[in-house]
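# Working through the structure, step by step
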Amino acid sequence: MIKANFVGSCCHPSPRSRVICAGGDCNIKYAIQGQNLSYSVTVKKLIGVQKMVFPILKDCSLHVPVGQLWMLLGPNGCGKSTLLKILAGLLNPTSGNVIVRKPRSFVFQNPDHQVVMPTVEADVSFGLGKLNLTADEVRARVEKALKTVGMSEYLQRPVQTLSGGQKQRVAIAGALAESCKVLLLDELTTFLDETDQMGVVEAIRNCLGGPDQVSALWVTHRLEELKYADGAIYMEDGRVIMDGDVSNVAHLISRKQADYLAS
Amino acid sequence: MSCKLCSSPTVSFLSDSGRTSIRQSFRYQVPFVISPLCTSSRLSWSGKVPKPPKRRSLGILAMAQGNGEREKWLMWLPRGPVAERVFRLIAGAMSSPVGQYVSSPVTFLHVVDSRVKLAWLLALVVLPSRSHIVMRFGLVAFLAVMSVWVLPKDVWTDQLGRVTLLSGILFLMLGFGSDSAPPLVQLRTPPPSLMGLPELPLSGYSYSILKLGPLQLTRKGLSVASTSACLSFTIFQSASLCLTTTTPEQLAYALQWFMIPLKFVGVPVAEIILTLLLSLRFISIVFDEVRNAAMAIVSRRIKWEQLTVMETLDIFIMYVRRIFANIFKHAEQITQAMIVRGFRGDSNIHKIYFFSNTSFGIADMISLLGLLGLIGASIVSEQILV
């Protein structure tokens, strides 16, 4: 097991906070484990020494089994994206522990933020730059990843000529090319129409499981996407309210919607 | 200015110095000025209370010699429908930058190695300035034919049209304007008789080629004009041809190949190449941002004709500010994406893979032979043709 302490942009660096990434050889039951995670930001006042602390995440715990697709739901501003960024190592939790299988990949909500190279093949291969691979290996990985997301005919296309859905699939291919074991997906289908939405869902389902036991945690607002998930987590006001069976979470959300409409 | 009813001071913000003043004025026409401090009974006596101003607007009045006349430059400021047209023009513009890669149809130039294309680019920049006028126009004709042959019709008509217009203007301006330069900046070579050289036989020679009223086209003007116009044409059109038939990665690969020797003198080649690639990606993002922000303003259905110059300018400033804010946000997000994807800030460690075909084929050989032939012809033309 590889232990890594990330010095991130957290305002409360605490000796208790750490992110632990599990290596591929470690036989663990869960792909993602978060225990008592908290995260807060501090705003310094211009005059005076008083600081204001805003808690974003409050004692969150979650467990995503290997080879499964789990969805993370909740209202806007409840801390879903923050939690995902902590799992990706972009933020350091104020307290609590995280165990994530490695290698992991993060796909942003807006594909324009994810795609960094001007053409499709260059972008998909960008993440492989840190690995010591031959050109043939890189080419094979790029072609396989693009085939998985149905974009194998777009190798040399300039990125700006692609539609939103196609860009999103290129972003996913970039994550898949790294042969990651955990996919962290932040509202992938926000900008997509129904056809592209289905294309992206299928691309994710295609790459789950397999010999690498790929797992995914998907932040979403669309309840209709829940049917593709193996499990779900519901958050509210920085806390995990419920996690586990999809039908239970869907029932909870439906009940909350009904209460809101009745009030 | 004082109130017409009670002689109290009125609200007026008028600067008393300079050619330009800012004043706060009511939009509707008031027959006379009434002070807000006015307590005159004549208002209630008449039974008519003046309608309160609905809105105040801040306007610029440019005064010439302080007499309140508007300066002509105000007419040039984008106001009302003009401002709307500007935003509509930006919003309706193409999202893709000029000279982007055209992947299909695959032509001869798509197959040629990017390094050979860069060598051609360099030659086309140097040759027009160092060869005979016949060769210059020959190069222009060659590039025009290549563009028509290689590029789709929509692309070449657009490109050739703009470049020809620019080069044409340059040719006319320099051709007819070269000899109007002051004699001090011209070459002052003494005549051959003063230098003890024999006079050249000048049968049929005329320095002036064409006279058009006060303008004249001389041999010197023709030389300067043809060099400048042909150079502009070849630079722009050859660059367009190269960009439309070569992917950014192939260009970066070629540049890296040529820059490898510079590594030994400490030039950060890997960093330059990564920066180039990121810039090429970012250009499209900037174009999109500019277009989207303009579209957001157009979609608000602003009544431009009711806005003053200051309010219109305010919207333009907000527009520019929004573009910069969005671009910086994009840059921040792309930085995060690069970190997530394993980039740790060292371009030498994080390898960039180029999938360009590096094998030297027949097309490359033909292209290189053509380049050598062109250079040879250029040298010979300079020696033989007078």
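Keep in mind that what you see is a predicted model, and the values were worked out from it rather than measured.

Along its length, chain B carries 13 helices and 4 strands. Here chain B holds 386 residues, and 34% of them are scored as buried. When contacts within chain B are restricted to residue pairs at least 6 apart in sequence, those whose partners lie at least 24 apart make up 78%. For chain B, the exposed surface amounts to about 24400 Å²; the carbon and sulfur share of it is 66%.

The helix and strand inventory of chain A stands at 7 helices and 11 strands. When contacts within chain A are restricted to residue pairs at least 6 apart in sequence, long-range pairs at least 24 apart make up 70% of them. Working note: accessible area of chain A is about 11700 Å², and carbon and sulfur atoms make up 50% of it.

Residues and elements named next belong to chain B. As enumerated under the stated definition, the model contains 11 aromatic pairs over all chains in all. With a centroid separation of 6.5 Å and 70° between ring planes, the pair formed by Phe137 and Phe171 is classed as edge-to-face. Separated by 34 residues along the polypeptide, Phe137 in helix α6 (residues 133–150) and Phe171 in helix α7 (residues 153–177) bring together distant segments of the chain. According to the relative accessible area criterion, Phe171 is partly exposed, its value standing at 23%. Within the aromatic cluster, the residues linked to one another by ring pairs are Phe87, Trp304, Phe316 and Tyr319. Above the ring of Trp257, the side-chain terminus of Arg115 is found at 4.9 Å from the ring centroid.

Let us now look at the confidence of the model for chain B. All names here are of chain B. When pLDDT is averaged along chain B, the result is 75; 70% of the residues meet or exceed 70. Ranking the elements of chain B by mean pLDDT puts strand β1 (residues 20–26) last with 39 and helix α12 (residues 309–340) first with 90. Within the model, the stretch residues 1–47 combines pLDDT values under 50 with 76 contacts to residues more than four positions away or in other chains. Reported confidences for the modelled complex are a pTM of 0.67 and an ipTM of 0.75.

Okay, the pattern of salt bridges next. For the coordinates displayed, the defined rule picks out 10 salt bridges over all chains. Where Glu84 of chain B meets Arg88 of chain B, a salt bridge forms, and the shortest distance between an N and an O atom there is 3.4 Å. Of the two residues, Glu84 of chain B and Arg88 of chain B are both situated in helix α3 (residues 81–92); the distance of 4 residues between them amounts to about one turn of the helix. Residue Asp288 of chain B pairs with Arg291 of chain B through a salt bridge whose shortest N-O separation is 3.9 Å. In this pair, Asp288 of chain B and Arg291 of chain B are both assigned in helix α11 (residues 269–298), 3 residues apart and thus about one turn of the helix distant. Within this structure, Asp112 and Lys167 of chain A together with Arg281 of chain B form a network of salt bridges that share partners.

Residue and element names in this part refer to chain B. A surface patch of nonpolar side chains, about 510 Å² in accessible area, is lined by Leu122, Val125, Val126, Leu166, Ile235 and Phe236. Looking at the nonpolar patch, the elements that each hand over two or more residues are α5 (114–130) and α9 (219–245). Considering every element that reaches the nonpolar patch, the biggest residue donor is α5, with 3 residues. Mapping Ile235 onto the fold places it in helix α9. Overall, the relative accessible area of 35% leaves Ile235 in the partly exposed class.

In this assembly, 35 residues from chain A lie in contact with 32 residues from chain B. A combined buried area of about 3100 Å² lies between chain A and chain B, and 59% of that area is made up of carbon and sulfur atoms. Across the chain A-chain B interface, the total number found is 2 salt bridges. Two residues, Arg281 of chain B and Asp112 of chain A, come together in a salt bridge whose shortest N-O distance is 3.1 Å. The interface formed by chain A and chain B includes 12 residue pairs in polar contact (both at pLDDT 80 or more). Counting residues per element, the ones that place at least two in the side of chain A that touches chain B are α2 (111–114), α3 (120–126) and α4 (135–148) of chain A. It is α3 of chain A that contributes the most residues to the side of chain A that touches chain B, 6 residues altogether. The residue makeup of the side of chain A that touches chain B, split by class, is 17 nonpolar, 10 polar and 8 charged.

Residue and element names in this part refer to chain A. The element strand β6 (residues 95–101) is extensively covered by neighbouring structure, given that 6 of its 7 residues are classed as buried. As paired elements, strand β3 (residues 30–44) and β6 share 5 bridges and run antiparallel to each other. Bridging from a neighbouring strand, Ser38 pairs with Ser95 of β6.

Moving on, we get to unusual backbone geometry. Each neighbour pair has its own omega, and for Lys102 of chain A with Pro103 of chain A the value is 0°, a cis peptide bond. In this structure, Pro103 of chain A sits in the loop between β6 and β7 (104–107). One non-glycine residue, Glu187 of chain A, lies in positive phi territory at about 45°. Tracing the backbone shows Glu187 of chain A in the loop between β8 (182–186) and α6 (194–207). A positive phi angle, near 50°, is found at Arg301 of chain B, a position not held by glycine. Inspection of the secondary structure puts Arg301 of chain B in the loop between α11 and α12.

Residue and element names in this part refer to chain A. Counting 48 residues, the largest nonpolar core has Val124, Leu183 and Trp218 as its most contacted members. If one sorts the elements of this core by residue count, helix α5 (residues 164–177) sits on top with 7 residues. Those residues in contact with Trp218 that sit more than four places away from it in its chain are Leu69, Trp70, Met71, Leu72, Leu185, Leu188, Thr189, Val200, Val201, Ile204 and Glu225.

Calculation notes
Residues numbered from 1 in each chain as written. Chains lettered and ligands numbered in written order. Predicted model: local features only at pLDDT ≥ 70, side-chain atom pairs only at ≥ 80, totals over all residues. Heavy atoms only, no water. Helix = DSSP H or I, 4+ residues; strand = E, 2+ residues; numbered from the N terminus. Buried < 20%, exposed > 50% of the residue type's maximum accessible area, 1.4 Å probe, protein only. Contact = heavy atoms within 4.5 Å. Areas by Shrake-Rupley, 256 points an atom, 1.4 Å probe, with all protein chains shown as cover. Phe/Tyr/Trp six-rings, centres within 6.5 Å; stacked < 30°, edge-to-face > 60°. Lys NZ or Arg CZ within 6 Å of the ring centre and 35° of its normal. pLDDT = per-residue confidence, 0-100. Salt bridge = Lys/Arg side-chain N within 4 Å of Asp/Glu carboxyl O. Patch = residues over 30% accessible without salt bridge, like charges linked within 9 Å, V, L, I, M, F, W, Y side chains within 5 Å. Buried area = accessible area lost by both parts, 1.4 Å probe. Polar contact = N/O pair within 3.5 Å; in protein donor to acceptor, adjacent residues only side chain to side chain. Nonpolar A, V, L, I, M, F, W, Y, C, P; charged D, E, K, R; others polar. Pairing = 2+ DSSP bridges. Core = buried A, V, L, I, M, F, W, Y, C linked by side-chain atoms within 4.5 Å.

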